[in-house]
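Analysis of the macromolecular model
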Amino acid sequence: MILGVGVDIIEINRIEKIIKKNKRFLTKIYTNRELDYLKEKNFESYAGYFCAKEAVSKALGTGITFKWTDIEILKDGSVPIVVLHNKAFQAANQKGIKRVHISISHCRDYATAFAVAEG
């Protein structure tokens, strides 16, 4: 059963400017495992992961009311998967959410993500 959906979109150059200006942003938003994956990628991927976290928080029905790193986006081959930690995990459990599906995409200027919370 679908218990929540979330979508987000962002201008890629906005994420690029923030990363170039404030390196602390990286460790505030992304986990070490995400950063290991993203270090070989372009700003489109950083923006896509940012959108994914926003979309997941909306699908949970909470918005970002916990640490950004409580939502982790990993890859199973080429498929993105959502791993919830700490307060994000607790929020999902309280709502009966067992799994969150995520789709991430981008074009030249924008990145977007769509999340579906399943119970």
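Scoring rules and cut-offs
Residues numbered from 1 in each chain as written. Predicted model: local features only at pLDDT ≥ 70, side-chain atom pairs only at ≥ 80, totals over all residues. Heavy atoms only, no water. UniProt positions renumbered as here; feature names shortened; annotations may be inferred. Helix = DSSP H or I, 4+ residues; strand = E, 2+ residues; numbered from the N terminus. Salt bridge = Lys/Arg side-chain N within 4 Å of Asp/Glu carboxyl O. Buried < 20%, exposed > 50% of the residue type's maximum accessible area, 1.4 Å probe, protein only. Pairing = 2+ DSSP bridges. Arc of directions from axis to C-beta.

**Some details on the UniProt feature "domain: 4'-phosphopantetheinyl transferase" (unreviewed entry) in the protein chain**
Mapped onto this numbering, the UniProt entry annotates "domain: 4'-phosphopantetheinyl transferase" (unreviewed entry) at residues 4-114. Each end of residues 4-114 is marked by a C-alpha atom, and these two atoms are 11 Å apart; helix forms 44% of the span and strand 30%.

**Some details on the pattern of salt bridges**
Under the defined criterion, the tally for this structure stands at 5 salt bridges. The closest approach of N and O atoms between Lys58 and Asp8, which form a salt bridge, is 3.1 Å. With Lys58 in helix H4 (residues 43-59) and Asp8 in strand E1 (residues 2-11), the pair connects residues that are 50 residues apart, well separated along the chain. Judged by relative accessible area, Lys58 falls into the partly exposed class, the value being 37%. Here Asp8 falls in the buried class, since its relative accessible area comes to 13%. Measuring nitrogen to oxygen at the nearest pair gives 2.5 Å for the salt bridge that ties Glu72 to Arg33. Here the residue Glu72 occupies a position in strand E2 (residues 71-76), and Arg33 occupies one in helix H3 (residues 32-38), the gap between them amounting to 39 residues.

**Regarding the pairing of E2**
Sheet topology places E2 next to strand E3 (residues 79-84); 6 bridges connect them, and they run antiparallel. Within E3, the position partnered with Lys75 by the bridge is Pro80. What sits between the antiparallel neighbours E2 and E3 is a turn of 2 residues, in which Gly77 has the positive phi angle 70°.

**Comments concerning the pairing of strand E4 (residues 99-106)**
The pairing of E4 with strand E5 (residues 110-118) spans 8 bridges and is antiparallel. Across the sheet, His106 pairs through a bridge with Ala111, a residue of E5. As consecutive antiparallel partners, E4 and E5 are separated by 3 residues.

**Quick word on unusual backbone geometry**
One non-glycine residue, Asn86, lies in the positive phi region at around 45°. Along the chain, Asn86 turns up in helix H5 (residues 86-94).

**Some details on H5**
The set of residues buried in H5 consists of Ala88, Ala91 and Ala92. Mapping the buried residues of H5 onto a view down its axis gives an arc of 100°, with all of them on the same face. Opposite its buried face, H5 presents the exposed residues Asn86, Lys87 and Gln94, each directed more than 90 degrees away. Among the residues trailing H5, Gly96 stands out with phi positive, at a value near 75°.

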